[in-house]
Protein chains: 2
Amino acid sequence: MTDDPKLDAIGSLIARLRRSDMISENEVAALAGLISVCRDYPARAVVARPREHLEKSQLLVEGFVARQTELPNGRRQILAIHVPGDFLDLHGLLLKSLDHDVVTLSPARLAEAPHAILRETTAQYPHVARLLWFSTMVDAAIHREWIASLGRTAAGRIAHLFCELQLRLEVVGRADADGYALPLTQIDIADATALTPVHVNRTLRHLREAGIVDFRTGHVAIGDLPALRRIAGFRPDYLYLEQQPR
Amino acid sequence: MTDDPKLDAIGSLIARLRRSDMISENEVAALAGLISVCRDYPARAVVARPREHLEKSQLLVEGFVARQTELPNGRRQILAIHVPGDFLDLHGLLLKSLDHDVVTLSPARLAEAPHAILRETTAQYPHVARLLWFSTMVDAAIHREWIASLGRTAAGRIAHLFCELQLRLEVVGRADADGYALPLTQIDIADATALTPVHVNRTLRHLREAGIVDFRTGHVAIGDLPALRRIAGFRPDYLYLEQQPR
DNA sequence: CGCTCGGTTGATTCGCTTCAAGCCTTGTGG
DNA sequence: CCACAAGGCTTGAAGCGAATCAACCGAGCG
């Protein structure tokens with residue numbers, strides 16, 4: 001914690017970006033300058049709707065947020081799960097509106113970055129623009145890995161989700177190799193993996209009984225990370241966590 | 001066709017971008033200036049590999065190209081299908097290497113854009129930079145729609161693929177409402193939808209017998225577009241084809 | 001000609017869904 | 001302080017959609 005609330009707000013963002021690139025103090029200040037205000041939301045709050053014109057993008061400071069859409073059969077499909085340090089709707093800067101909902105999965109704190117300031121800052125600091133572009137490209141890489149879940153079994157899909165969140169949360173200091181807090185319901189897991197809650201429950205039991213991972217009461221306890229990654233087919237390179245000039 | 005091969009190469013790219021934004025003649029020239037050379041490839045050629053350091057990005061001028069990865073069970077998962085006017089590995093500009101393969105599905109012509117020139121041009125023409133960023137954001141939106149296929153049945157997944165390609169190809173003048181050339185095998189469709197070739201075959205037969213769509217010998221003949229879109233749950237807004245300042 | 005690859009069809013199996021019921025925890029109001 | 005409702009978790013039985021296994025066809029091609 002610092003004495004500057006804007007610096008606090010971007011702490012996780014900076015931690016994440018610094019895993020992938022060098023960032024100067026000037027650029028940190030520029031990123032902090034993007035933030036206007038912070039807002040707190042309860043769980044299950046809608047923080048962005050499709051087809052609404054956007055004037056700001058939102059940075060997740062604390063908590064868990066999902067992008068989701070409704071399928072023709074009426075079921076909810078979670079398209080992405082965001083952790084602190086992630087921009088939730090940076091793509092709205094150029095797309096102008098979203099094609100999906102953004103909702104909190106847990107109580108969450110969001111920092112708002114007005115598009116007017118984003119435009120100014122990206123024009124003035126080309127490297128900041130590149131960092132934000134990079135950030136949306138990693139989002140796309142994560143999307144692709146979720147597409148690959150089309151070809152995974154139930155255990156593989158769930159295991160992959162747990163592996164991915166373990167690493168992404170570790171980067172922002174909210175997980176270690178043994179586990180992490182994950183305040184999601186089994187229904188959320190079901191909507192993220194496109195499985196039924198019943199089958200998620202059974203699969204979680206199998207994973208627990210095998211001593212691989214224990215997900216209960218909002219906590220992922222990893223018993224055997226290598227086995228978990230094997231089941232998931234998890235290769236972490238798609239998160240681009242190697243530091244190099246971008 | 002023009003007398004400038006570089007302008008020909010970016011013709012479909014310009015057509016696509018002009019559906020979403022205004023582009024000046026200066027910017028068209030700047031985009032044409034990105035291109036160094038064109039290369040022709042046969043079907044099933046690998047045009048980019050994971051973990052290799054990239055010095056250029058490639059623009060698809062003609063043909064069909066897929067991004068794909070290998071799943072733990074040994075099966076190929078197609079993550080994206082590209083049509084003329086698409087950049088295949090623009091994300092390599094900042095990611096520096098890819099996490100997947102890029103392979104031609106049909107004979108294809110690719111235009112190469114060296115990263116050095118991409119950097120110069122995006123620095124000099126901020127709006128060109130925004131257009132390219134926009135382009136990668138639409139790629140991500142398409143990825144999300146493929147994630148939604150996790151919750152679709154076999155017919156829904158295939159129908160959605162056909163709907164999406166119909167619209168994307170129409171934008172670059174290679175499809176109309178009745179159908180389009182699609183030089184893919186049923187095995188390619190299977191790898192894109194994470195279904196078995198056998199089941200793809202059966203599902204295609206059902207769609208054909210219902211008079212909705214007939215996919216044979218490299219051609220999609222659409223019999224009932226509304227029905228096809230209904231089965232797919234297709235809403236075209238995720239392609240962001242409305243012209244507005246980006 | 002014979003090989004290969006893609007497409008087609010049938011029989012069987014399996015993973016996941018559906019339907020149904022019961023349990024536990026939490027919160028709330030009388 | 002307890003009754004009760006609601007939401008999430010758990011488990012069983014039956015059904016369905018897609019995978020698997022297997023065979024055959026047909027076109028293109030060396």
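- Named according to an unreviewed UniProt entry, chain A is Crp/Fnr family transcriptional regulator originating from Sphingomonas natans.

Observations concerning the overall build of chain A
Next, step 1: Of regular secondary structure, chain A possesses 10 helices and 11 strands.
Next, step 2: Taking 18 Å as the expected radius of gyration for a compact globule of 246 residues, we find that chain A reaches 18 Å, a close match to that expectation.
Next, step 3: Once the C-alpha set of chain A is aligned to its principal axes, its extents read approximately 55 × 40 × 30 Å.
Next, step 4: Relative to its 246 residues, chain A shows a buried fraction of 61%.

As for the protein's contact with DNA strand D
Next, step 1: Taken together, the neighbourhood of DNA strand D is formed by 16 residues, with Gln-186, Asn-201 and Arg-205 of chain A together with Ala-154 and Thr-196 of chain B sitting nearest.
Next, step 2: Across the atoms of DNA strand D situated within 4 Å of the protein, the share located in sugar and phosphate is 69%.
Next, step 3: In the model, a phosphate oxygen of DNA strand D is placed 2.8 Å from a nitrogen or oxygen of the Thr-196 of chain B side chain.
Next, step 4: Measuring from a phosphate oxygen of DNA strand D, one finds a side-chain N or O atom of His-199 of chain B at 3.1 Å.
Next, step 5: Mapped by element, the contributors of at least two residues to the surface near DNA strand D are α8 (186–193) and α9 (197–209) of chain A together with α9 (197–209) of chain B.
Next, step 6: Of the residues forming the surface near DNA strand D, the biggest block, four residues, is contributed by α9 of chain A.
Next, step 7: Residue composition of the surface near DNA strand D, grouped by class: six nonpolar, six polar and four charged.

Focus: the pairing of strand β4 (residues 65–70) of chain A
All names here are of chain A.
Next, step 1: β4 sits mainly inside the fold: five of its six residues count as buried.
Next, step 2: In terms of strand pairing, β4 meets strand β5 (residues 76–82) through six bridges, oriented antiparallel. Bridge assignment links Gln-68 to a residue of β5, and that residue is Ile-78.
Next, step 3: Count of turn residues in the β4/β5 antiparallel hairpin: five residues, of which Gly-74 carries a positive phi of about 90 degrees.

Focus: the sheet that holds strand β8 (residues 175–176) of chain A
Residue and element names in this part refer to chain A.
Next, step 1: Strand order in the open sheet formed by four strands is β8-β9-β11-β10, with antiparallel pairing between adjacent strands. Each edge of the sheet is formed by a strand with only one pairing partner; in this case those strands are β8 and β10 (213–216).
Next, step 2: Relative to strand β11 (residues 219–222), β10 runs antiparallel, the two being bridged by four bridges. Its bridge partner being in β11, Phe-215 is matched across the sheet by Val-220.

Looking at the protein's contact with DNA strand C
Next, step 1: Around DNA strand C, 16 residues are found, and the nearest of them are Ala-154 and Thr-196 of chain A together with Gln-186, Asn-201 and Arg-205 of chain B.
Next, step 2: Per the 4 Å cut-off to the protein, sugar and phosphate atoms form 69% of the nearby atoms of DNA strand C.
Next, step 3: One nitrogen or oxygen atom from the side chain of Arg-202 of chain B is found 3.1 Å from a base nitrogen belonging to DNA strand C.
Next, step 4: Within the contact set of DNA strand C, a phosphate oxygen lies 2.8 Å away from a side-chain nitrogen or oxygen of Arg-205 of chain B.
Next, step 5: Elements supplying a minimum of two residues to the surface near DNA strand C: α9 of chain A together with α8 (186–193) and α9 of chain B.
Next, step 6: Of the residues that constitute the surface near DNA strand C, the class distribution is six nonpolar, six polar and four charged.

What about the pairing of strand β6 (residues 101–104) of chain A?
Residues and elements named next belong to chain A.
Next, step 1: As paired strands, strand β2 (residues 46–48) and β6 are joined by two bridges and run antiparallel to one another. Within β6, the residue paired with Val-46 across the bridge is Val-103.
Next, step 2: Sheet topology note: the β4/β6 ladder contains four bridges and is antiparallel. The residue bridging Val-65 from the neighbouring strand is Thr-104, located in β6.

Considerations on the relation of the copies chain B and chain A
Next, step 1: Once chain B has been moved 0.0 Å along the axis and rotated by 180 degrees, it coincides with chain A to within an RMSD of 0.0 Å. Expressed as a symmetry operation, the mapping of one chain copy onto the other fits a two-fold axis.
Next, step 2: A high fraction, 98%, of the interface residues of chain B reappear at the interface in chain A, so the copies pair face to face through one surface.

Some remarks on the interface of chain B and chain A
Next, step 1: Opposite the 49 residues of chain B that make contact, chain A presents 48 residues.
Next, step 2: It is Leu-94, Trp-133 and Arg-144 of chain B that lose the most area in chain B upon contact with chain A, and together they represent 19% of the buried surface on that side.
Next, step 3: Taken together, the connections running from chain B to chain A amount to four salt bridges.
Next, step 4: At the surface where chain B touches chain A, the tally comes to 16 residue pairs in polar contact (both at pLDDT 80 or more).
Next, step 5: Broken down by element, the residue count for the side of chain B that touches chain A peaks at 15 residues, all from helix α6 (residues 126–148) of chain B.

Digging into the packing of α8 of chain B against α9 of chain B
Residues and elements named next belong to chain B.
Next, step 1: As a packed pair, α8 and α9 sit with axes 8 Å apart at the nearest point and diverge in direction by 105 degrees. Between α8 and α9, the crossing angle belongs to the class labelled roughly perpendicular. Between α8 and α9, the residues in contact are Gln-186, Ile-187, Ile-189, Ala-190 and Thr-193 and Pro-197, Val-200, Asn-201 and Leu-204, respectively.
Next, step 2: Of the residues belonging to the contact of α8 with α9, the class tally is six nonpolar, three polar and no charged.

So, the sheet that holds strand β4 (residues 65–70) of chain B
Residue and element names in this part refer to chain B.
Next, step 1: The strand order across the open sheet built from four strands is β2-β6-β4-β5, with neighbouring strands paired in antiparallel fashion. Taken across any chain shown, the strands that pair with only one partner, and hence form the sheet edges, are β2 (46–48) and β5 (76–82). Between one strand axis and the next, the sheet turns through 35 degrees on average, direction left out of account.
Next, step 2: Across the sheet, α6 is in contact with β4 and β5; its angle to β5 comes to roughly 135 degrees.

A few points about the packing of aromatic side chains
All names here are of chain A.
Next, step 1: For the structure on display, the rule yields five aromatic pairs over all chains.
Next, step 2: Aromatic side chains Phe-234 and Tyr-238 sit 5.9 Å apart centroid to centroid with 80 degrees between the ring planes, which places their arrangement in the edge-to-face category. Side by side, Phe-234 and Tyr-238 carry an identical accessibility label, which is buried.

Overview of unusual backbone geometry
All names here are of chain A.
Next, step 1: Unusually for a residue other than glycine, Lys-96 sits at a positive phi of about 80 degrees.
Next, step 2: Structurally, Lys-96 is set in the loop between α4 (92–95) and β6.
Next, step 3: On the basis of relative accessible area, Lys-96 is assigned to the buried category, the value being 9%.

Rules behind the numbers
Residues numbered from 1 in each chain as written. Chains lettered and ligands numbered in written order. Predicted model: local features only at pLDDT ≥ 70, side-chain atom pairs only at ≥ 80, totals over all residues. Heavy atoms only, no water. Helix = DSSP H or I, 4+ residues; strand = E, 2+ residues; numbered from the N terminus. Rg over C-alpha atoms; globule rule 2.2 N^0.38 Å. Buried < 20%, exposed > 50% of the residue type's maximum accessible area, 1.4 Å probe, protein only. Near = heavy atom within 4 Å. Polar contact = N/O pair within 3.5 Å; in protein donor to acceptor, adjacent residues only side chain to side chain. Nonpolar A, V, L, I, M, F, W, Y, C, P; charged D, E, K, R; others polar. Pairing = 2+ DSSP bridges. Least-squares fit on C-alpha atoms with pLDDT ≥ 70 in both. Contact = heavy atoms within 4.5 Å. Buried area = accessible area lost by both parts, 1.4 Å probe. Salt bridge = Lys/Arg side-chain N within 4 Å of Asp/Glu carboxyl O. Axes fitted to C-alpha atoms, helices over the stretch in contact; angles between N-to-C directions. Parallel < 35°, antiparallel > 145°, perpendicular 65-115°, else oblique. Phe/Tyr/Trp six-rings, centres within 6.5 Å; stacked < 30°, edge-to-face > 60°.

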